[in-house]
Amino acid sequence: MSKILVTGGLGYIGSHTVVELDKAGYTPIIIDNLSNSSTKNIIGIEQIIQKKLKWYNIDCKKEDALNQVLLKEGNIHGAIHFAAYKSVEESIKYPKKYHDNNIGSLEVLLNCMRKNNIKNIIFSSSCTVYGNPESLPVDENTPFKKAESPYSETKQICENILKRDSCNSVILRYFNPIGCHNSGLIGDYSNNKPTNLVPIITETAIGKRDNVTIFGDNYNTPDGTCIRDYIHVVDLAQSHTKALNYLIKNKGKHVFNIGTGKGVSVKEIINAFIKANNIKINYSIGKKRSGDIEKIWANCNLANKKLNWKAKKSINQSMIDAWKWEQHKNNHVI
Ligand code: UDP
C-alpha cells in the first residue's frame with residue numbers, strides 16, 4: 001500500500017481527499033497544524049473509513065519537523081499539498097501572511113521531498129489564476145491574468161515554482177468546491193467567518209444570518225448575477241486519487257482544470273438550495289463585491305480524458321450535502 005503524505009489533510013478538501021485515498025487503496029499520512037481546521041475532522045474521517053489513521057500536528061513550514069516525519073515514515077510515494085491559507089478577502093488585508101505561508105510551505109515541502117527522494121507531488125491550485133477571462137470556458141492553456149488578490153498571486157507563484165522544480169507534478173486548478181461527504185461528518189472547520197456563497201446560504205438557513213446579499217444583479221449574464229463552476233467536494237477529492245495514479249505512470253509536469261464544465265449563477269444556486277432542502281431563504285440584492293469575476297467555468301476535457309475522471313454529482317446533491325454539514329457542525333440532529 002503506497003504511503004501518501006497529505007499536508008493540510010484535516011482541512012475541507014484535504015479531509016475529503018484522505019477518505020478517497022483510503023478508498024483507492026493508498027495509505028494517507030496526514031500533516032496538519034490545525035491553524036484552520038479541526039481534530040473533529042479526523043474523528044469524522046475515521047468514522048467514515050472505519051480505521052485509524054496516522055496524523056502529525058506539524059506546521060509544514062518547519063523543515064526539521066517535516067523531515068523527521070518523512071524519515072520516520074520512510075517509503076512515501078508522493079505528496080498532496082493542501083496546506084495553505086485560502087481566504088481571498090483575508091489575503092487582501094494580510095498579503096505577507098499569505099505569501100509567507102503559501103509559498104513558504106511549498107518550498108519547505110519540496111526541499112524535504114528532495115532530501116527524502118520523494119518525486120511526486122499533487123498541488124492545489126485555483127481557477128483564480130485565470131483572473132477575469134476573455135473567453136469561456138477556460139482551458140489549461142488560457143494565460144494567467146494579473147492576480148486579483150494576494151491569494152491568487154500565491155497560487156500563480158507556486159505553479160511557477162513547480163514548473164522549475166525537478167519533481168514530477170500535477171497541478172489541479174480547482175473551480176468552486178461545495179457540499180460535503182454524504183455522511184455529513186467531515187467538512188470545513190475554518191476559523192474565518194465564511195465569505196463563500198454556499199456556507200453563507202447554509203448559515204442563513206440555520207438562522208446565524210438574516211439574509212444572503214447577492215453581490216450585484218446587473219452583470220452581463222442571463223439573470224444578471226455572477227456565474228461560477230460549482231463542483232461537489234467529493235468529486236473534487238476523487239480527482240486527486242486519479243491524478244496520483246496518472247502521475248505514477250506519467251512522469252513530468254501536468255496541469256488540469258477540475259470543475260464540472262457548467263456555469264451556474266448566484267440566483268440559481270440560492271434557488272437550488274431552497275428547492276433541494278425545502279427551506280426558505282431571505283435574500284436581497286446588494287452592491288457588487290470589488291474584484292469579483294463576472295463569469296467563469298471550466299473546460300475539463302483534459303482531466304476527463306487523461307485522468308479518466310469526471311464530476312458526477314449534481315447541484316441538487318451538493319445543496320442537500322451542504323445543508324447536512326451545516327447541521328452537523330452545529331450539532332443539530334440530521
Ligand atoms: N456571492 C454573493 N453573496 C455572498 C457571497 C458570494 O452574491 O454573500 C457571490 C459572489 O459575488 C460570486 C459567487 O457568489 O459571484 C461565488 O462567490 P464565492 O466567494 O463563493 O467564490 P469566488 O468568488 O471566490 O469564486
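In this text, all values refer to a predicted model and were calculated from it rather than measured experimentally.

Cut-offs used in this document
Residues numbered from 1 in each chain as written. Predicted model: local features only at pLDDT ≥ 70, side-chain atom pairs only at ≥ 80, totals over all residues. Heavy atoms only, no water. Near = heavy atom within 4 Å. Polar contact = N/O pair within 3.5 Å; in protein donor to acceptor, adjacent residues only side chain to side chain. Areas by Shrake-Rupley, 256 points an atom, 1.4 Å probe, with all protein chains shown as cover. Helix = DSSP H or I, 4+ residues; strand = E, 2+ residues; numbered from the N terminus. Nonpolar A, V, L, I, M, F, W, Y, C, P; charged D, E, K, R; others polar. 1 Å grid on protein atoms, 1.4 Å probe; cavity = no way out; pocket = protein on both sides within 12 Å on 5 of 7 lines; lining within 4 Å. Points joined across faces, edges and corners; volume = space filled by probe spheres on them. Buried < 20%, exposed > 50% of the residue type's maximum accessible area, 1.4 Å probe, protein only. Right-handed = clockwise from strand over helix to strand, strands pointing away. Pairing = 2+ DSSP bridges. Contact = heavy atoms within 4.5 Å. Axes fitted to C-alpha atoms, helices over the stretch in contact; angles between N-to-C directions. Parallel < 35°, antiparallel > 145°, perpendicular 65-115°, else oblique. Left-handed = near helix turned anticlockwise from the far one by under 90°. Expected span 1.5 Å × (residues − 1). Salt bridge = Lys/Arg side-chain N within 4 Å of Asp/Glu carboxyl O.

## Quick notes on the site of the ligand
Thought 1: Near the ligand there are 14 residues, and of these Leu 197, Thr 213, Phe 215, Arg 228 and Asp 292 occur at the shortest range.
Thought 2: Between the ligand and Leu 197 there is a distance of 2.9 Å, counted from an oxygen atom to a backbone nitrogen or oxygen.
Thought 3: Here Arg 228 contributes a side-chain N or O atom positioned 2.7 Å from an oxygen atom of the ligand.
Thought 4: Surface burial for the ligand is 90%, taken as the share of its 520 Å² of free accessible area covered by protein chains.
Thought 5: Those elements that provide at least two residues to the shell around the ligand are helix H7 (197-206) and strand E8 (212-215).
Thought 6: A total of three residues in the shell around the ligand trace back to one element, the largest contributor, which is E8.
Thought 7: Its residues placed into classes, the shell around the ligand shows seven nonpolar, four polar and three charged.

## Details of empty space enclosed by the protein
Thought 1: Counted according to the given criterion, the structure contains one cavity of 30 Å³ or more.
Thought 2: Of the volumes computed, that of the largest cavity is approximately 30 Å³.
Thought 3: Forming the boundary of the largest cavity are His 81, Phe 82, Ala 83, Ala 84, Asn 102, Phe 123, Lys 155 and Cys 158.
Thought 4: Looking at the lining of the largest cavity residue by residue, the classes come out as five nonpolar, two polar and one charged.

## Some details on the pairing of strand E1 (residues 3-7)
Thought 1: In terms of residue burial, E1 counts as a mostly covered element, since four of its five residues are buried.
Thought 2: This β-α-β element, E1 to helix H1 (residues 12-23) to strand E2 (residues 27-32), shows right-handed connectivity.
Thought 3: Alignment of E1 against strand E4 (residues 76-81), held across five bridges, turns out to be parallel. Note on E4: the bridge partner recorded for Lys 3 is Ile 76.

## A short note on the side chain of Glu 20
Thought 1: Its location among the elements puts Glu 20 in helix H1.
Thought 2: Exposure remark for Glu 20: the relative accessible area of 5% places this residue in the buried category.
Thought 3: The contacts of Glu 20, once residues within four sequence positions are left out, are Val 234, Ala 237, Gln 238 and Thr 241.

## Some points on the packing of H1 against helix H2 (residues 40-49)
Thought 1: Packing of H1 against H2 leaves a shortest axis separation of 10 Å and a crossing angle of 25 degrees. Classified by the angle their axes make, H1 and H2 are roughly parallel. In the packing of H1 onto H2, the handedness of the crossing is right-handed. Residues Ser 15, Val 18, Val 19 and Asp 22 of H1 pack against Asn 41, Ile 45, Ile 48 and Ile 49 of H2.
Thought 2: A class-by-class count of the residues in the contact of H1 with H2 yields five nonpolar, two polar and one charged.

## Here we look at the environment of Ile 76
Thought 1: Note on placement: Ile 76 falls in strand E4.
Thought 2: Residue class for Ile 76 comes out buried when judged on its relative accessible area of 9%.
Thought 3: Distance from Ile 76 to Asn 117, taken between C-alpha atoms, is 8.8 Å for residues 41 residues apart in sequence.

## Some words on helix H6 (residues 150-164)
Thought 1: The terminal C-alpha atoms of H6 lie 21 Å apart, and with 15 residues this matches the ideal 21 Å at 1.5 Å per residue to within 8%.
Thought 2: Within the span of H6, buried status applies to Pro 150, Tyr 151, Ser 152, Thr 154, Lys 155, Gln 156, Cys 158, Glu 159, Ile 161 and Leu 162.
Thought 3: The inward-facing, buried residues of H6 abut helix H4 (88-93), helix H5 (95-115), strand E5 (120-126), strand E6 (168-174) and strand E11 (253-258).

## Regarding the pattern of salt bridges
Thought 1: A complete count under the given rule lists 19 salt bridges for this structure.
Thought 2: Across the salt bridge formed by Asp 59 and Lys 61, the nearest N and O atoms sit 3.2 Å from each other.
Thought 3: Overall, the relative accessible area of 30% leaves Lys 61 in the partly exposed class.
Thought 4: Through salt bridges with shared partners, a single ionic network connects Lys 3, Lys 54 and Glu 73.

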